[in-house]
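Residue-level structural notes
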Amino acid sequence: QVQLVESGGGLVQAGGSLRLSCTASGRTFSSSAMGWFRQAPGKEREFVAAISRSGGSTYYADSVKGRFTISRNNAKNTVYLQMNSLKPEDTAVYYCAARSMTADWATTPSRYDYWGQGTQVTVSS
């Protein structure tokens, strides 16, 4: 069993930055690909970014490419999402997710085994 806890959300003005963190319990973090997703009110959960279990491969949604950076520190069981040049349309609840014992990232929520509780990000215009 893996438990994921996100932190770092908040209210920021457009153009600002936030860094989200997701810390995992358990021994399988370094064996798990990780992803970030977000869900705005009235919308489906959408893929944001993902990283392989080694950290050597990353992938981003077109909407955040060049502004967001995903990274991980396996020694700290933590994955990060650095968000720069934030826009009002980035407002959502952000979730981290783990693909247990899987090297490769995925963009589909159903391919992830564990989810955090989410952290709210609000970008004001």
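Structure first, text after, so check above.
Residues numbered from 1 in each chain as written. Predicted model: local features only at pLDDT ≥ 70, side-chain atom pairs only at ≥ 80, totals over all residues. Heavy atoms only, no water.

Judged by pairing direction, the sheet is antiparallel, and its four strands sit side by side in the order 1-3-8-7 without closing on themselves. With partners counted over all chains shown, the strands left at the sheet margins are strand 1 (4-7) and strand 7 (68-73), one partner each. Pairwise comparison of adjacent strand axes, ignoring direction, gives a mean angle of 15 degrees for this sheet. Of the strand pairs in this sheet, strand 3 (residues 18-24) and strand 8 (residues 78-83) are connected by six bridges, and their pairing is antiparallel. Opposite R19, over in strand 8, you have Q82 as the bridge partner. (Pairing = 2+ DSSP bridges. Helix = DSSP H or I, 4+ residues; strand = E, 2+ residues; numbered from the N terminus. Axes fitted to C-alpha atoms, helices over the stretch in contact; angles between N-to-C directions.)

Let us look at the environment of S30. Relative to the helices and strands, S30 resides in the loop between strand 3 and strand 4 (33-39). For the pair S30 and Q120, spaced 90 residues apart in the sequence, the C-alpha separation amounts to 26 Å. When sequence neighbours within four positions are dropped, the list of residues in contact with S30 reads R53, R72 and N74. (Contact = heavy atoms within 4.5 Å.)

It is worth spelling out the packing of aromatic side chains at this point. The description of two aromatic rings rests on the distance between their centres and on the angle between their planes. Scanning the entire structure with this criterion turns up six aromatic pairs. Between the NZ or CZ atom of R45 and the centre of the ring of W115, over which it lies, the distance is 4.8 Å. Here the guanidinium or amino end of R72 rests over the ring plane of F29, the centre of that ring lying 4.5 Å away. (Phe/Tyr/Trp six-rings, centres within 6.5 Å; stacked < 30°, edge-to-face > 60°. Lys NZ or Arg CZ within 6 Å of the ring centre and 35° of its normal.)

What follows concerns the pairing of strand 9 (residues 92-99). For strand 9, the buried fraction is high: seven of the eight residues fall into the buried class. Both strand 9 and strand 11 (residues 119-124) contribute to a ladder of three bridges, which runs antiparallel. Its bridge partner being in strand 11, V93 is matched across the sheet by Q120. Judged from the two bridges that link them, strand 9 and strand 10 (residues 114-115) form a sheet pairing that is antiparallel. (Buried < 20%, exposed > 50% of the residue type's maximum accessible area, 1.4 Å probe, protein only.)

What follows covers the side chain of S21. Tracing the sequence through the fold places S21 in strand 3. In this structure S21 comes out as buried when scored by relative accessible area, which is 13%. Those residues within four positions of S21 in sequence are excluded, and the remaining contacts are V5, E6, S7, W36, T78, V79 and Y80.

A few words now on the state of the cysteines. Scanning the entire structure with this criterion turns up one disulfide. At a sulfur-sulfur separation of 1.9 Å, the disulfide partner of C22 is C96. Of note, the bridge from C22 to C96 carries an S-S torsion of about 45 degrees and is right-handed in sense. Within this pair, whereas C22 is found in strand 3, its partner C96 is found in strand 9, the two being separated by 74 residues in sequence. Classification of C22 by relative accessible area gives buried; the value is 0%. (Disulfide = S-S within 2.5 Å.)

Turning next to the pattern of salt bridges. Two side chains with opposite charge may pair up if their charged atoms get near one another. Tallying each qualifying case throughout the model produces four salt bridges. Here R38 and E46 are joined by a salt bridge, their closest N and O atoms 2.6 Å apart. Classification of R38 as buried rests on a relative accessible area of 5%. The shortest N-O distance in the salt bridge between D90 and R67 comes to 2.7 Å. Here the residue D90 occupies a position in the loop between strand 8 and strand 9, and R67 occupies one in the loop between strand 6 (58-60) and strand 7, the gap between them amounting to 23 residues. For D90, a relative accessible area of 1% gives the class buried. Sharing partners across several salt bridges, the network here consists of R38, E46, R67 and D90. (Salt bridge = Lys/Arg side-chain N within 4 Å of Asp/Glu carboxyl O.)

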